[in-house]
Structures are given as structure tokens and as C-alpha cells.
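Breakdown of the fold
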Amino acid sequence: MQILVTGGTGYIGSHTVVELQQEGFEVVIVDNLSNSSGDVPYNIEQITGTLPVLEVFDLCDLGKTEALFSNYPDIEAVIHFAAFKSVGESVNEPLKYYHNNILSSVNLLKCMKDKEVNKMVFSSSCTVYGQPEQLPVTEQAPLRKAESPYGNTKKIMEDVIFDTTRASAIQAILLRYFNPIGAHESALIGESPTGIPDNLVPYITQTATGKREFLRVFGNDYNTPDGTPVRDYIHVVDLAKAHVVALKRLLESKTLSKCEVFNLGTGTGYSVLDVIHSFEKVSGVKLNYRIVDRRSGDIEKVWADTSYANRELGWKAEKGLDEMMLSAWEWEKKLKN
Ligand code: UD1
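Let me begin by describing the structure that accompanies this report. Numbers given to residues run from 1 along each chain, matching the order in which its sequence is written. The model is predicted, so local features are restricted to residues of pLDDT at least 70 and side-chain atom pairs to those at 80 or more, both for listing and for counting; the totals for chains, interfaces and linings are taken over all residues. Hydrogens and waters are ignored; side-chain quantities use all the structure's heavy atoms.

Here we look at the packing of helix α7 (residues 200–209) against helix α9 (residues 272–283)
When two helices pack together, their arrangement is given by the angle between their axes and by how far apart the axes lie. To be explicit about the condition: To define axes, lines are fitted to C-alpha atoms, for helices over the stretch in contact only, and angles between the resulting N-to-C directions are given on a 0 to 180 degree scale. By definition, any uninterrupted DSSP run of H or I lasting at least four residues is a helix, any uninterrupted run of E lasting at least two residues is a strand, and each is numbered from the N terminus. Each angle is binned into one of four classes, with values under 35 degrees roughly parallel, values over 145 roughly antiparallel, values of 65 to 115 roughly perpendicular, and all other values oblique. The crossing is said to be left-handed when, going from far helix to near helix, the turn is anticlockwise and less than a right angle, and right-handed when the turn is clockwise. Here a residue-residue contact requires only that any non-hydrogen atoms of the pair lie within 4.5 Å. Three residue categories are used. Nonpolar comprises Ala, Val, Leu, Ile, Met, Phe, Trp, Tyr, Cys and Pro, charged comprises Asp, Glu, Lys and Arg, and polar comprises the others, including Gly.
Contact geometry of α7 with α9 gives a least axis separation of 11 Å together with a crossing angle of 40 degrees. With respect to their mutual orientation, α7 and α9 come out oblique. Between α7 and α9 the crossing geometry is right-handed. For the pair α7 and α9, contact is made by L200, V201, I204, T205 and A208 and by V272, V275, I276 and F279, respectively. Of the residues that constitute the contact of α7 with α9, the class distribution is eight nonpolar, one polar and no charged.

Next comes the structure, spelled out in C-alpha cells:
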């Protein structure tokens, strides 16, 4: 049995490939390498002892996507990560995001339907909730208008997948990630943002190595304990493990409906200053940061109600903030050398 992992050389994808292989699954990766490196499979091999197959092409090409399924008839399920993910870029280039993220997913679903590959795990985001009225946020919380075209592509894809499961034999699990950070303990895979990072943790670690002059903390006048925004940061390895659990749930036909949704977070909220202090503690590096104006589009606070995922998936995030920050720092130091 083979599992297709789209975007498998990317940040969350690569960690998931490791966990899949360690659970005995054979993995085929499709990636266009637009935001990742073709070396990643070799780093995965160093961790697991098995080189995953990598097919380099763009899922927006329907012919190539069809050929993939014909060439790998043993694919039983798909974990779909491949997408552009920069919020800021999506605001400036919405068509790039709608074209890439939606077309690639529609092509994939078409081929799955044609070839009767009927199981999909989809990479969604807590961004679909916007600023929830009630915290912690459950899977039943109302979805809000997306703040960015990127966020909207996640919302649209949830609908596309839901509708497809209703009209076909395809079953899906939508995983809504909170804020994935950290890296594999081997420091052989991690997050490698191209250019200037948008996200907090890579910005912190790059500031600590001197690659960035200082971190801007976007606002300290929010209605939170220390005034900085609160998020539910989750270790990427915990997140990766949840994908294996979700996949097995589909393969063992344990799902309760054709399209299930789970929050993937720790259930604990930390502020930007909490994250900085944890980093300083585990790295021993004093971080250069300045409080600046709020970033537009940022929400004040969000953290997950994880009880449904804990109960139904039998999965729970295990790693704490210090461990997340230490692994991110080990990875950054390795990148620098
Ligand atoms: C962002 C996206 C979200 C996406 C996620 C992917 C927005 C509004 N949301 O989440 O849709 O799914 O990334 O990882 O962009 N911060 C600073 N200084 C920085 C960078 C960030 O203070 O240089 C703060 C932000 O204000 C925020 C927190 O750190 O409070 C986390 O920011 P970030 O890592 O960008 O994630 P989100 O904005 O939560």
C-alpha cells in the first residue's frame, strides 16, 4: 500500500513523511519544489533509513496528475499539503493563490475519483475561524470571512472537499492546524522560509543568529494578559503524528461521517512575549526585539478546544513550548552552518 503525500518536501509534509515511514507506510511524494528543496527526501532517508519516492511536477497539470495515478496503482490514500501559504503574498497576488491552491486540489480530487482512491487527509487551518467569539474554539464554531486570499483558499477547499465527499465515494478528514512550529529532533528537517519570514518563530531564530537585526512585536495593546496576541503553538512532530492517526482512521473505516473535521492544537494559548521568553530561556540568547504597531489582519487570541480530537482520534499533542523553541533553535543553527 502506498500513500501519496503532496507537498511532502515542505515543512509539515516532510515531518509527516517521516512519521508515516516510521509507521511502516510506503510514501510517494509529489512536489513542484516551488518552496522547498529536492534534497529533503535524502534528509528524510537519514532519519528513517528509507528514501521516499519524489515526483517533481505541478498538480495544476491535470495530465501529469493523471499519469501519476496510472503509474502508481498501489496508492490507497492521499495526504494533501501542497499549497502556497504566504498570507502577505496572497493579498498582493490573489490569482496566484486561487489558481494554484484550488486548481491543484480540484485536479487531485478528479483523479482520485476516477481511479477510486477514496481517502484524503486535508491540510486546513484555524484561520477559517477568524476571531472566534468563544474560546477555546471548537470545530462547531461558525466560520468567518477569510482575512486573506490564502485563508480563503483553505475555506473554499474545505467546501470543495465536503461537496465531493457527498457526491462520490471519497471520504475525507479536514485537519485545522493552529500554529505549527519547531522542527524534528534530528535537526535534519524543519521550516526553511524563503526570503524574509512572515511567521513569528523563524523570525525569532533568524534574529538570534544575527540574520535579522531585530524582531518586531506587532502590538502590545491587545486585550490579553501581557497585551501581545495569543496563539496555540503546536510542535510540528505532534501535528505530523496526528496525520498518521487520521490516515489510519480512514483506512480502517472508523470515520463517523464522510467528511470529518478536527482541530489540531495543544489547547493552550501563549502570547508573543511568552514565546520570546521561552526562546531566551532554552537558547541562552537575549533576543533583540521592539514593540511596533499592530499588523493588519492579525487576530487577538485563539486557541483550540482539542477535546474532540483527543477523544475521537485518541491523539494528544505532547510537546511543550520550551521543547518547540529548542528544536526550532537547533534547526536554525544547523541551517546556518
Ligand atoms: C499566520 C496566518 C495564518 C496561517 C499561519 C501559518 C495571518 C493573519 N495568519 O498565522 O492564516 O495559517 O500564519 O503559519 O497572517 N508576530 C510578531 N512579529 C513577527 C511575526 C509575528 O509579533 O515578526 C506575531 C503576530 O502578530 C502573531 C504571532 O506572532 O500574534 C504569530 O504570528 P504568525 O507566526 O505570523 O502566525 P499567525 O499570524 O497566527
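What about the nonpolar core?
Rules: For this analysis, a nonpolar core means a set of buried residues of the types Ala, Val, Leu, Ile, Met, Phe, Trp, Tyr and Cys, connected via side-chain atoms within 4.5 Å. Each residue is placed in one exposure class: buried if its accessible area under a 1.4 Å probe, protein chains only, is under 20% of its type's maximum, exposed if it is over 50%, and partly exposed if it falls in between.
Core analysis: the largest hydrophobic core is formed by 37 residues, its most contacted members being I3, L20, L175, L264 and W315. The dominant element in this core, judged by the number of residues it contributes, is helix α8 (residues 236–251), at eight residues. Apart from residues no more than four positions distant in its own chain, W315 is found in contact with I234, D238, K241, A242, V245, N263, L264, G265, A309 and N310. In this structure, L4, C111, M157 and C259 belong to the second largest nonpolar core, which totals 24 residues.

Observations regarding the site of the ligand
For clarity, the cut-off: We define proximity as follows: a residue is near a molecule or strand when any one of its heavy atoms falls within 4 Å of that partner. In protein, a polar contact means a hydrogen-donor-capable atom and an acceptor-capable atom, both N or O and within 3.5 Å, with residues adjacent in sequence counting only if both atoms are side-chain atoms; elsewhere, any N or O pair within 3.5 Å suffices. Here the accessible surface of atoms and residues is derived via Shrake-Rupley with a 1.4 Å probe, and residues count as covered only by protein chains that are part of the display.
Near the ligand there are 19 residues, and of these L200, R216, R231, R295 and D298 occur at the shortest range. L200 has a polar backbone atom sitting 2.9 Å from an oxygen atom of the ligand. When the ligand is considered free in solution it has 730 Å² of accessible area, and contact with the protein chains removes 87% of it. For the shell around the ligand, the element with the highest residue contribution is strand β8 (residues 215–218), accounting for four residues. Broken down by class, the residue content of the shell around the ligand amounts to nine nonpolar, five polar and five charged.

Focus: α7
Judged by how many residues are buried, α7 sits mostly within the fold: ten of ten residues are covered. Every buried residue of α7 is accounted for by L200, V201, P202, Y203, I204, T205, Q206, T207, A208 and T209. Buried residues along α7 sit in contact with β7 (179–181), β8, β10 (233–235), α9 and α11 (321–336). G210, located one to two residues past α7, shows a positive phi value of around 95 degrees.

So, the packing of aromatic side chains
Basically, it comes down to this: In summary, the pairing rule links any two rings of Phe, Tyr or Trp, Trp by its six-membered ring, whose centres are within 6.5 Å, and it sorts them by plane angle into stacked for under 30 degrees, edge-to-face for over 60 and tilted for everything else. Charge over a ring is defined by NZ of Lys or CZ of Arg lying within 6 Å of the ring centre and within 35 degrees of the ring normal.
Within this structure, the stated rule accounts for four aromatic pairs. The ring of F214 carries the charged tip of R290 above its face, separated from the ring centre by 3.6 Å. In this structure, R294 packs its charged tip against the face of Y222, placed 3.8 Å from the ring centre.

Re the side chain of D238
What counts here: We count Lys and Arg on the positive side and Asp and Glu on the negative side, and we leave His and both chain ends out. Salt bridge, as applied in this entry: a Lys or Arg side-chain nitrogen positioned within 4 Å of an Asp or Glu carboxyl oxygen.
The topology assignment puts D238 in helix α8. Of the side chains with opposite charge, K241 comes closest to the buried, unpaired D238, at an N-O distance of 5.3 Å.

Considering empty space enclosed by the protein
Counted only if it meets this: Only protein atoms enter the calculation, which uses a 1 Å grid: trapped sets of points that fit a 1.4 Å probe without letting it out are cavities, open sets showing protein on both sides within 12 Å along at least five of seven lines are pockets, and any residue with an atom within 4 Å of a point is a lining residue. Grid points are joined across faces, edges and corners, and a volume is the space filled by probe spheres set on the points.
Using the criterion set out here, one finds two cavities of 30 Å³ or more in the structure. By volume, the largest cavity is sized at about 80 Å³. Surrounding the largest cavity, Y11, I181, G182, A183, E191, P193, V201, P202, T205, A328, W331 and E332 form its lining. Among the elements of the structure, α7 and α11 are those that each provide at least two residues to the lining of the largest cavity. In this model, the second largest cavity occupies a volume close to 60 Å³. Lining the second largest cavity, in full, are H80, F81, A82, A83, N101, S105, F122, T153, K154 and M157. Those elements that place two or more of their residues in the lining of the second largest cavity are α5 (94–115) and α6 (149–167). Considered class by class, the residues forming the lining of the second largest cavity number five nonpolar, four polar and one charged.

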